[in-house]
Amino acid sequence: MRFVSYGEILAKQILPIENYGYPEREGLVFSRLTNLRGNSAIKTQQFSLEPYDSRRLANLCGQLDEHLHQIEQSLQIKINSRGNFFELAGQSQSIQAAHHILDQLYNETEKGDLVTPDSVHLSLQESKMQNTLHLVDADDAPIIKAKRVSIKPRGKNQQAYVNSILSHDINFGIGPAGTGKTYLAVACAVAALE
């Protein structure tokens, strides 16, 4: 097996890519892009997040761009960022999902919320759910209000479950683990007790 240096790649013009002055990322950029190059349906999209706020962008990207890397690995895309300008490369559907996730997380930073790897993971799961279930509109979703928080169902099935809890005395929730059955049921119970 022969290892090819990044300089050889650029000299042969195999991959025209900038590393933005991060030599430790060169090998990572090469390995991710070689996986992307096998697919002929690679698209790129450029956009900026407004208004420009370096603290919000640092919160969005995470320490050493860990949140961006998490999105890249999950959606199998490449994200280049420079300030508030982003360039996404990958399959069209994955690019749209990443753009939506970045917009959503950036809007959350406006409220002062801290973006964590868990919140990025949740946004990625919502994105995957949106592709298969189509998320409900914010106006149609019933909101469960407790003293300190408001809880909103995330998908059609959760909305139907909450509507069923609110309209019937006894309900049985059956489904895979981690879909919010117990969380929503307890939230409805707490709201009913208050």
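Model, not experiment: these values are computed from the prediction. Here the residue numbering is sequential within each chain, running from 1 through the sequence in written order. Under the rules for a predicted model, residues below a pLDDT of 70 receive no local features and side-chain atom pairs below 80 are neither given nor counted, while totals for whole chains, interfaces and linings still include all residues. Hydrogen atoms and water are omitted, and side-chain values are computed over all heavy atoms in the structure.

Across a sheet, paired strands are connected by hydrogen bonds in the backbone, their directions being either parallel or antiparallel. Judged by pairing direction, the sheet is antiparallel, and its three strands sit side by side in the order E1-E3-E2 without closing on themselves. In the strand order of this sheet, the two ends are held by strand E1 (43-48) and strand E2 (78-82), each with one partner. Taking each pair of neighbouring strands and ignoring which way they run, the sheet shows an average axis angle of 15°. Strand pairing is assigned whenever DSSP detects at least two bridges linking the two strands. What counts as a helix is a DSSP run of H or I of at least four residues, what counts as a strand is a run of E of at least two, and both are numbered from the N terminus. Where E2 and strand E3 (residues 85-90) come together, five bridges link them in antiparallel fashion. Residue pairing for E3: Asn 80 is matched across the bridge by Glu 87. Only heavy atoms enter the contact rule, under which two residues are in contact if any of them lie within 4.5 Å. For helices, the fitted line uses only the C-alpha atoms of the stretch in contact; every axis is such a line through C-alpha atoms, and the angle between N-to-C directions lies from 0 to 180 degrees. The strands touched by helix H4 (residues 66-75) within the sheet are E2 and E3, with E2 carrying the most contacts at an inclination of about 155°.

As a per-residue measure, pLDDT tells how confident the predictor is, with possible values from 0 to 100. Considering every residue of the chain, the mean pLDDT works out to 77; 73% of them sit at 70 or more. Note that pLDDT drops below 50 for residues 9-37; the model gives that stretch 36 contacts with residues more than four away or on any other chain. Long-range and interchain partners of residues 132-136, a stretch whose pLDDT sits below 50, account for 15 contacts in this model, where long-range means more than four residues apart.

Quick look at the nonpolar core now. One broad trend across soluble globular proteins is that nonpolar side chains are buried collectively. Working definition of a nonpolar core: buried Ala, Val, Leu, Ile, Met, Phe, Trp, Tyr and Cys residues. They are joined through side-chain atoms within 4.5 Å. Partly exposed describes any residue whose relative accessible area lies between the buried limit of under 20% and the exposed limit of over 50%, with all areas from a 1.4 Å probe on protein chains only and scaled to the type maximum. Leu 60, Ile 71, Leu 75, Phe 86, Leu 88 and Leu 102 are the most contacted members of the largest nonpolar core, which has 22 residues in total. Of all the secondary structure elements, the ones that give two or more residues to this core are helix H3 (54-61), H4, E3, helix H5 (92-110) and helix H6 (117-133). The leading source of residues in this core is H5, at seven residues. Among all residues touching Leu 60, those that are not within four sequence positions of it are Leu 49, His 67, Phe 86, Leu 102, Leu 105, Tyr 106, Thr 109 and Val 115. Of all hydrophobic cores here, the second largest spans eight residues; its members include Val 162, Ile 165, Ala 187 and Cys 188.

A few words on the environment of Lys 43. Tracing the sequence through the fold places Lys 43 in strand E1. Given a relative accessible area of 46%, Lys 43 falls into the partly exposed group. Separated by 45 residues in the primary sequence, Lys 43 and Leu 88 place their C-alpha atoms 8.1 Å from one another. Once residues within four sequence positions are removed from consideration, Lys 43 is found in contact with Leu 88, Ala 89, Gly 90, Ser 92 and Ile 95.

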